[in-house]
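Chain by chain, the residues:
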Amino acid sequence: MGTKKVADFAIDTGALDSTEALDRRATLRRFKVLDTVFRLLTMTAASAVLVLLGGVIASLVIGSLPAFRAFGLDFLTTQSWNPVTEKFGALAPIYGTVVTSALAMLLAVPVGLGIAIFLTELCPYPLRRPIGIAIELLAGIPSIIYGIWGLFVLAPLIQQYVQPGLIGTFSNVPVLSTLFAGPPYGIGVLTASFILAIMVLPFITSISRDVFDTVPSVLKEAAYGVGCTTWEVVRSVVIPYTRVGVIGGVMLGLGRALGETMAVTFVIGNAHKISASLLAPGTTISATIANEFTEAVGDIYTSSLIALGLILFGITFVILALARYMLMRLEQKAA
Amino acid sequence: MSFTFLRGVLAAAAISLAPVPAVLAADISGAGATFPYPIYAKWADVYKKDTGVGLNYQSIGSGGGIKQIKAKTVTFGASDMPLKPEDLAKDGLVQFPTVIGGVVPVINLPGFASGELTLDGPTLAKIFLGEIKTWDDPAIKKLNPKAKLPSDAIVVVHRSDGSGTTFLWTNYLSKVSPEWKEKVGASTAVEWPAGIGAKGNEGVANNTAQTKGAIGYVEYAYAKQNKMTYAKVVNKDGKAVAPSSETFQAAAANAGWEKSDSYYVILTDEPGAKSWPIAGATFILIHKQPQDPAVAAEALRFFGWAYEKGGKLAEELDYVPLPKDVVGLIKKTWAAEIKGADGKPLVN
């Protein structure tokens, strides 16, 4: 009688003679075996992720033990990074990582959401696809290309036009004059943040656009029907409806910004120092590791770099956890 | 159809497989410094054509090279920074130099061509300490009485990655400036008091080229091939010299290799009227009693060949070959120290 699919049995349950019943039992047993095998296979695949993650954490912890043993918690709170005397503190790279990522999000979130709103609500139809594809292509550019472009094209532009302007404009404003102080190097924390903003833009835009598209037209049409403006529709219907998805996109972007290595290394200036000025060179955790790991001689030096990796892991974990928590709170409020 | 196809595949497989075992058996493996990679690759290429013995060199950085040779995963390690004799003894290693290179200060100062600006050690140290901040500082004026120096800010550019170039540079600054020695010291990576960090020679070169008033330091070969503007440096004898093969060789000749322990010689601040003050050799590390004596002997034969016939190739790539008497010393070291399981020297 050939192979039968589950659906076939569902249909002809009515008329079954005894041989068919036997046949049916055997087939069902075969299905059961197949199902078990399939379940085990997928379970192995899923648990492989856990094993890998556990392995990464374990090796990071073991690798960073010598550093934490040598410096204790001072490792997190000092900014001296001296390979000669083997005194290492992670504060400068931690600061650089957090500040560049925060600035990048500050720049990229409004622009990214703006693009997504334009594409879904305002853009003429023939333009939607080209602009959407262009944004997605941005995500496909390798980060080293961003780095080289940043160093050769963006940095000189910023050095010539942006930085002197910033320094001049804010030279007499109390807080801002410290934020934008110093000689215009072209590269530095601000340039790195610009590059990061460009790099995370496609993540925020394409995810927001996709979730904006899921808003039922009925809702939007009803809002327009009672006389809402486009702005009001976006603010009171589209964004509340897609909040979770948008925050997910932003978090994905933030994750990339925190871990981005090559592009940042090229343009941040790689100075192990915390400067009040955003124009001054700084460093990030991943840039430090990329720069120094190959030539790190000595156990404490290597271990300190691995400890930096562990800290980055920790920062990413905390931020993702916070995002989850925020989402939970939002959902509770909504319900 | 399938038959001819199959035969073709078999033939191709036979061709691609046949020579592999022979090559594998004799291949030398090495890992380490990136600075000598171009010349090792060139030597390996020519040597393979001459002898059929291949060399697989991974330029993973000096630190990596030291780790790999200690772990015995390679036949030899390569480092730009010599290991101290006591560290060598601890791991049963022998070290010897292969070629010499130099580090040159490069500047971006409109109106100044290569060699038109002269600096000395203490001034360079003060610039890199961030104490001399502008190009018209009295200390620079004193060294260049005739030059018209601008009042531009000095932008210091240094390497952000650990590097043998940085080691030579900071080693020189430590020798000529007690303040530098105390505050910063010498290593492949240091805690820079001033300036911006850039990755690799190319990073320093680009940042220097882009920033008006910048000063950086790069490998001589790199500066020469990219026609960068270099500054002259006043050497130990008080003479301002320009970087060239000749001045590097002068530094190497005056180094006193024969008196050194395990060739622990860093060619910075060497005496001699013609000596370029910031030069250094790059080194090979090999076990005194190699795990695989046959391959280790191949490695030594390779370097022996390189000393004899590779000098011209090195010069083409702007490295400086070792002086003849140093090569003689190294061969004696090989015979005396590197031995097989039977206690006999691997090469004579």
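Rules and cut-offs
- Residues numbered from 1 in each chain as written.
- Chains lettered and ligands numbered in written order.
- Predicted model: local features only at pLDDT ≥ 70, side-chain atom pairs only at ≥ 80, totals over all residues.
- Heavy atoms only, no water.
- Helix = DSSP H or I, 4+ residues; strand = E, 2+ residues; numbered from the N terminus.
- Rg over C-alpha atoms; globule rule 2.2 N^0.38 Å.
- Contact = heavy atoms within 4.5 Å.
- Areas by Shrake-Rupley, 256 points an atom, 1.4 Å probe, with all protein chains shown as cover.
- Lys, Arg positive; Asp, Glu negative; His and termini not counted.
- Charge placed at Lys NZ, Arg CZ, Asp CG, Glu CD.
- Domains from an automatic or database assignment.
- Buried area = accessible area lost by both parts, 1.4 Å probe.
- Salt bridge = Lys/Arg side-chain N within 4 Å of Asp/Glu carboxyl O.
- Polar contact = N/O pair within 3.5 Å; in protein donor to acceptor, adjacent residues only side chain to side chain.
- Nonpolar A, V, L, I, M, F, W, Y, C, P; charged D, E, K, R; others polar.
- Buried < 20%, exposed > 50% of the residue type's maximum accessible area, 1.4 Å probe, protein only.
- Core = buried A, V, L, I, M, F, W, Y, C linked by side-chain atoms within 4.5 Å.

K.L.:
Can you tell me about the overall build of chain A, naming the residues and giving the values?
P.N.:
Tallying secondary structure elements over chain A gives 13 helices and two strands in all. Expected size for 335 residues packed as a compact globule is a radius of gyration near 20 Å; at 27 Å, chain A overshoots this value by more than 25%. Put simply, 72% of the contacts in chain A that link residues at least 6 apart link residues at least 24 apart. On chain A, roughly 17600 Å² of surface is accessible, and the fraction owed to carbon and sulfur atoms is 72%. Where the 21 positive side-chain charges of chain A centre and where its 19 negative ones centre are 5 Å apart.

K.L.:
Summarise the domain arrangement of chain A; cite the residues concerned and give the values.
P.N.:
Residue and element names in this part refer to chain A. By domain assignment, chain A separates into domain 1 (1-71) and domain 2 (73-334). A C-alpha centroid distance of 39 Å is found between domain 1 and domain 2. Contact residues are listed per partner, giving 13 residues for domain 1 and 14 residues for domain 2. Across the domain 1/domain 2 interface, buried area totals approximately 1100 Å², and carbon plus sulfur atoms make up 81% of it. Looking only at domain 1, the three residues that lose the most surface to domain 2 are L60, F68 and F71, adding up to 58% of its buried area. If you look at where domain 1 meets domain 2, you find zero salt bridges. Remark: the boundary between domain 1 and domain 2 carries three residue pairs in polar contact (both at pLDDT 80 or more). Each residue belonging to the side of domain 1 that touches domain 2 can be placed in one class, and the counts come to eleven nonpolar, two polar and no charged.

K.L.:
Break down the interface of chain A and chain B for me, with residues and values.
P.N.:
You'll often see interface size given as the accessible area lost when the parts meet. At the interface, 29 residues of chain A touch 32 residues of chain B. Summing both sides of the interface, chain A and chain B together bury roughly 2300 Å²; the carbon and sulfur share of this comes to 51%. A per-residue breakdown of the area chain A buries against chain B is headed by V84(A), Y185(A) and E295(A), which together make up 26% of the total. Run the count over chain A and chain B and you get zero salt bridges. Taken together, the connections running from chain A to chain B amount to eight residue pairs in polar contact (both at pLDDT 80 or more). Where the side of chain A that touches chain B is concerned, the elements lending two or more residues are β1 (81-82), α6 (143-170), α11 (262-267), α12 (285-292) and α13 (299-334) of chain A.

K.L.:
Help me get a handle on the environment of I268(A), residues and values and all.
P.N.:
Residue and element names in this part refer to chain A. The residue I268 is located in the loop between α11 and α12 in this model. Judged by relative accessible area, which is 0%, I268 ranks as buried. Sequence-wise, I268 and M43 are 225 residues apart; in three dimensions their C-alpha atoms are separated by 43 Å. The contact partners of I268, leaving out residues within four places of it in the chain, are T100, G188, V189, A192, P281, G282, T283 and T284.

K.L.:
Please give an account of unusual backbone geometry that cites residues and values.
P.N.:
Residues and elements named next belong to chain B. The backbone phi angle of K72 is positive, close to 60°, even though this residue is not glycine. Structurally, the position occupied by K72 is in the loop between α4 (62-70) and β3 (76-79). Despite not being glycine, D318 has its phi angle at roughly 65°, a positive value. Within the secondary structure layout, D318 lies in the loop between α14 (311-316) and β12 (320-321). Of the residues examined, D318 reaches a relative accessible area of 11% and is grouped as buried.

K.L.:
Give me the lowdown on the nonpolar core, citing residues and values where you can.
P.N.:
Of all hydrophobic cores here, the largest spans 158 residues; its most connected members are W43(B), F96(B), F128(B) and I215(B). By residue number, the principal contributor to this core is helix α10 (residues 230-259) of chain A, which donates eleven residues. Apart from the residues lying within four places of it in its own chain, the contact partners of I215(B) are V106(B), I107(B), L119(B), L124(B), I127(B), F128(B), W135(B), I154(B), V155(B), V156(B) and V157(B).

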